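Each chain, letter by letter, is given below.
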Amino acid sequence: NAGVTQTPKFRVLKTGQSMTLLCAQDMNHEYMYWYRQDPGMGLRLIHYSVGEGTTAKGEVPDGYNVSRLKKQNFLLGLESAAPSQTSVYFCASRLGVATSTDTQYFGPGTRLTVL
Amino acid sequence: AQKITQTQPGMFVQEKEAVTLDCTYDTSDPSYGLFWYKQPSSGEMIFLIYQGSYDQQNATEGRYSLNFQKARKSANLVISASQLGDSAMYFCAMREGPGGGADGLTFGKGTHLIIQP
């Protein structure tokens, strides 16, 4: 049981390049999330999904696009990377039921540097 | 206004002492959940403990307990008998709305805890 996995672990981009970060979960969770973490900050929500084929904007969505074509995968895309997008990106998932123990489980993170 | 405030950027504590990490929150929603996560130097986010706004008792998980004072809007994490392995960043986070809602978490800026031998 791998939980939440993220690919790649590290990436360096030049300004203007594009890339896609992949998040996969094997827990049959309905809800998935993308966060970014900048130095000295907590995590901030970029986009999220409540199920296959759905996406919604979070707190800091500009410059990113997402897709959830399969329930187990949530993709984060940067169409034209900017230095301000240098960050650590975390994916998370949760079951999506109305219980108090329905917490989010996080992937290991992707460290992205944009030069 | 910040929704989650952690006022201690860093803390040094002697091994085996108890530690209290402060967290205050701001919400007008009567239904919410409060979470604490640990982030060691390796970078992963580890879930520690959860407290629901309607829970009558303070949450406990092993050496972790949550001192929930609803009227003061505080949710402090208490670590009993600290260990060297507790050295890490600790984040308080909140989810507004009922437990079944899809909203993501709002995080504080974290507290860097260092346990000294």
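From a predicted model like this one, the values you see are computed outputs, not experimental measurements.

K.L.:
Could you clarify how one ought to interpret the interface of chain B and chain A in this entry?
P.N.:
The parts lose accessible area when they come together, and the size of an interface is often stated as this lost area. Counting residues at the interface gives 19 residues for chain B and 21 residues for chain A. Between chain B and chain A lies a buried interface of about 1,600 Å² when both sides are counted; carbon and sulfur atoms form 55% of it. Together, Met45(B), Ala102(B) and Phe107(B) form the three largest contributors to the area buried by chain B at its contact with chain A, with a combined 27%. The tally of links from chain B across to chain A stands at zero salt bridges. Within the residue set of the side of chain B that touches chain A, elements represented by two or more residues are strand 5 (32-39), strand 6 (46-52) and strand 10 (88-96) of chain B. Ranked by residue count, the leading element in the side of chain B that touches chain A is strand 5 of chain B, at three residues. Each residue belonging to the side of chain B that touches chain A can be placed in one class, and the counts come to nine nonpolar, seven polar and three charged.

K.L.:
Would you mind going over the state of the cysteines with me for this structure?
P.N.:
Simply put, disulfide is the name for a covalent bond between the sulfur atoms of two cysteines. Residue and element names in this part refer to chain A. Tallied over the entire structure, the rule returns two disulfides over all chains. The partner cysteine of Cys23 in its disulfide is Cys91, sulfur to sulfur 1.9 Å. Measuring handedness by torsion sign, the sulfur bridge of Cys23 and Cys91 sits at about -75 degrees and is left-handed. Residue Cys23 is located in strand 3 (residues 19-25), and its partner Cys91 is located in strand 9 (residues 87-94); the two are separated by 68 residues in the primary sequence.

K.L.:
Is there a simple way to think about the pairing of strand 4 (residues 31-37) of chain A in this case?
P.N.:
As a general feature of sheets, a regular strand has side chains that alternate between the two faces. All names here are of chain A. Most of strand 4 is tucked away, with seven of its seven residues classed as buried. Side-chain alternation along strand 4 places Tyr31, Tyr33, Tyr35 and Gln37 on one buried face and Met32, Trp34 and Arg36 on a second face that is also buried. Both strand 4 and strand 9 contribute to a ladder of seven bridges, which runs antiparallel. Note that in strand 9 the partner of Arg36 across the bridge is Tyr89.

K.L.:
Mind showing me how you'd approach the layout of surface pockets here?
P.N.:
Here the largest pocket is characterised by a volume of approximately 490 Å³. Lining the largest pocket we find 24 residues, and of these Gln37(A), Val88(A), Arg111(A), Gln39(B) and Gly43(B) sit closest to its centre. Mapped by element, the contributors of at least two residues to the lining of the largest pocket are strand 9 and strand 11 (110-114) of chain A together with strand 10 of chain B. Of the residues belonging to the lining of the largest pocket, the class tally is 10 nonpolar, 11 polar and three charged. Contributing to the lining of the second largest pocket are 19 residues, with Leu43(A), Glu59(A), Leu105(B), Thr106(B) and Phe107(B) lying nearest its centre. Going through the elements one at a time, strand 5 (43-49) of chain A together with strand 11 (106-107) of chain B are the ones with two or more residues in the lining of the second largest pocket. At four residues, strand 5 of chain A tops the list of elements feeding residues into the lining of the second largest pocket. Classifying every residue of the lining of the second largest pocket by side-chain character gives seven nonpolar, six polar and six charged.

K.L.:
What should I look at first to understand unusual backbone geometry in this one?
P.N.:
Trans peptide bonds make up most of the peptide bonds, and negative phi angles are found at most residues other than glycine. Along the chain, Thr7(A) connects to Pro8(A) via a cis peptide bond; the corresponding omega equals -5 degrees. Assignment of secondary structure puts Pro8(A) in the loop between strand 1 (4-7) and strand 2 (10-13). Although it is not a glycine, Asn28(A) adopts a positive phi angle of roughly 60 degrees. Tracing the sequence through the fold places Asn28(A) in the loop between strand 3 and strand 4. Given a relative accessible area of 53%, Asn28(A) falls into the exposed group. The backbone of Ala81(B) sits at a positive phi, close to 45 degrees, despite the residue not being glycine. The topology assignment puts Ala81(B) in the loop between strand 9 (74-79) and strand 10. With relative accessibility at 41%, the residue Ala81(B) sits in the partly exposed group.

K.L.:
Would you take a moment to explain the packing of aromatic side chains for this structure?
P.N.:
Each aromatic ring pair is summarised here by two numbers: the centre-to-centre distance and the angle between the ring planes. Residue and element names in this part refer to chain B. Summed over all chains, the structure comprises 15 aromatic pairs over all chains. Between Phe91 and Phe107, the aromatic rings sit 6.3 Å apart at their centres with planes inclined by 80 degrees, giving edge-to-face as the arrangement. Of this pair, Phe91 sits in strand 10 while Phe107 is found in strand 11, placing the two residues 16 residues apart along the sequence. There is no split in this pair, since Phe91 and Phe107 are both buried. Taking the ring centre of Tyr64 as reference, the NZ or CZ of Arg63 above it sits at 5.8 Å.

Parameters at a glance
- Residue indices follow the written sequence of each chain, beginning from 1 at its first position.
- Following the order in which they are written, the chains are lettered starting with A and the ligands numbered starting with 1.
- Residues qualify for local features only when their pLDDT is at least 70, as the model is predicted, and side-chain atom pairs are given and counted only at 80 or more; totals for whole chains, interfaces and linings, by contrast, use all residues.
- Side-chain metrics rest on all non-hydrogen atoms present in the structure, leaving aside hydrogens and water.
- We call two residues in contact when some of their heavy atoms are within 4.5 Å.
- Joining two parts hides part of their accessible area as seen by a 1.4 Å probe, and the buried area is that hidden amount summed over both.
- Criterion for a salt bridge: a side-chain nitrogen of Lys or Arg within 4 Å of a carboxyl oxygen of Asp or Glu.
- Numbered from the N terminus, helices here are DSSP runs of H or I no shorter than four residues, and strands are runs of E no shorter than two.
- Classification used: nonpolar for Ala, Val, Leu, Ile, Met, Phe, Trp, Tyr, Cys and Pro, charged for Asp, Glu, Lys and Arg, polar for all others including Gly.
- In plain terms, two cysteine sulfur atoms within 2.5 Å form what is called a disulfide here.
- For every residue, the accessible area obtained with a 1.4 Å probe (protein chains only) is divided by the maximum for its type, and the residue is called buried under 20%, exposed over 50%, and partly exposed between those limits.
- Pairing between two strands requires that DSSP report at least two bridges joining them.
- Lining residues are those with an atom within 4 Å of a point, where the points come from a 1 Å grid over the protein atoms alone and group into cavities, where a 1.4 Å probe fits but cannot get out, or pockets, open sets with protein on both sides within 12 Å along at least five of seven lines.
- Grid points are joined across faces, edges and corners, and a volume is the space filled by probe spheres set on the points.
- Geometry of aromatic contacts follows a simple scheme: Phe, Tyr and Trp rings, the Trp one being its six-membered ring, pair when their centres are within 6.5 Å, and the pair is stacked under 30 degrees between planes, edge-to-face over 60, tilted otherwise.
- Over a ring means this: the NZ of a Lys or the CZ of an Arg is within 6 Å of the ring centre and within 35 degrees of the ring normal.

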